[in-house]
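# Fold and contact review
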There are 2 protein chains.
Amino acid sequence: MKKSFRIKDCSDFVKKGLTDNSMTLDTLTQIYKSLSEPIRLRIIHLLMQRDSLCVCDLVEILQLNQSTVSRHLSYLKNAGMVQAWREGTWMHYALNQATLDPVNREFIESTMQDFAEIQQDQNRLIEHEKAPRKCALS
Amino acid sequence: MKKSFRIKDCSDFVKKGLTDNSMTLDTLTQIYKSLSEPIRLRIIHLLMQRDSLCVCDLVEILQLNQSTVSRHLSYLKNAGMVQAWREGTWMHYALNQATLDPVNREFIESTMQDFAEIQQDQNRLIEHEKAPRKCALS
DNA sequence: AATGTATATCCGTATAAGCGAATATAAACA
DNA sequence: TGTTTATATTCGCTTATACGGATATACATT
């Protein structure tokens, strides 16, 4: 049976997906809002380092609750910041490069490298990739 | 008598002013958060058009409640996005250019010009300046 | 079909953000 | 000093955001 629609969880993400390509004041604020959260910036930084990452990679690297990571990824997807596709049981996420246009990419890439949390994520990414991963087979 | 400190209104702005110049992950998110609100983007756009504007200018151009405008300006000031100084009774606000580094300035300037609300603000700015203003004497 | 694994979503709860009306503060001036 | 004008802040309230634990869903494998 279909669950009833829950307004609260709807607003937990973005009110409506920004699927159309017409940029408005609200879509622009939505893009900045998706960048205004430390965990989401960490995710974006990690996705900048690789073509794509799987949810299980991110959960392990960020060392955060799976539901937390998944929720932030949904938020980013609804804001158009990332693309997602399924490969078997695994969901892969990749940056949607175009929606990063409103940010100074060079600035944030070089600035974020100095942040302790970001350096730690970077190190964990490298370490994580040393171990064989089922989600990276294809 | 000094009023008691109110936590709720503290969080209505930014928890602590970002006065020091050491950029952290939280200061970066704070900058993006200050851009993630339509009224604040409109204010920033207007301040991009002029060296500085007075609160009374903004209230009239934006056609918003004075407390709303003032609160958003406080938010921007605490996030380090704008500078403020007093001239007589009037408070003048100007963009702090350096804190716009994390954004793609050219992109948002050209993109925002296409937004209806921004065009309206732009027109009201021109109209507003045709009338003599006491706050613009100095 | 039954079970296991990966991920998304729900639920309850806590905190943050935003608004308008009202009030406080600060300077200007009569 | 009292009054006016400009601005900041408070208050009460509503809505949005975020989190962890639990549950639902989707695919894979036996």
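See the structure shown above.
Description of the structure in this document. Remember, predicted model here, so these are calculated numbers, not experimental data. (Residues numbered from 1 in each chain as written. Chains lettered and ligands numbered in written order. Predicted model: local features only at pLDDT ≥ 70, side-chain atom pairs only at ≥ 80, totals over all residues. Heavy atoms only, no water.)

### Digging into the interface of chain B and chain A
Interface size is commonly expressed as the accessible surface area that is lost when the partners come together. Listed as interface residues are 24 residues of chain B and, on the opposing side, 24 residues of chain A. Counting each side, the surface lost to burial between chain B and chain A is near 2100 Å², with a carbon and sulfur contribution of 79%. Summed over the three residues of chain B that lose the most area to chain A, namely L25(B), Y32(B) and F115(B), the buried surface amounts to 30% of that side. Run the count over chain B and chain A and you get zero salt bridges. Of all elements in the fold, only α2 (25-34), α3 (38-49) and α6 (105-112) of chain B reach the threshold of two or more residues within the side of chain B that touches chain A. (Contact = heavy atoms within 4.5 Å. Buried area = accessible area lost by both parts, 1.4 Å probe. Salt bridge = Lys/Arg side-chain N within 4 Å of Asp/Glu carboxyl O. Helix = DSSP H or I, 4+ residues; strand = E, 2+ residues; numbered from the N terminus.)

### Overview of the relation of the copies chain B and chain A
Relating the two copies of this chain is a rotation about some axis coupled with a shift parallel to it. The transformation that overlays chain B on chain A combines an axial shift of 0.0 Å with a rotation of 180°, and the residual RMSD is 0.0 Å. The operation mapping one copy onto its partner corresponds to a two-fold rotation axis. (Least-squares fit on C-alpha atoms with pLDDT ≥ 70 in both.)

### Considerations on helix α7 (residues 116-130) of chain A
One turn of an α-helix holds 3.6 residues; hence residues three or four places apart share an orientation. Residue and element names in this part refer to chain A. In this model, α7 (15 residues) spans 22 Å end to end at C-alpha, consistent with the 21 Å of a helix rising 1.5 Å per residue. Every buried residue of α7 is listed here: I118, D121, L125 and H128. The buried residues of α7 occupy an angular sector of 85° when projected down its axis, which confines them to one face. Exposed residues pointing more than 90 degrees away from the buried face of α7 are listed as A116 and K130. Next to the buried residues of α7 lie α3 (38-49), β1 (53-54), α4 (55-62) and α6 (105-112). (Expected span 1.5 Å × (residues − 1). Buried < 20%, exposed > 50% of the residue type's maximum accessible area, 1.4 Å probe, protein only. Arc of directions from axis to C-beta.)

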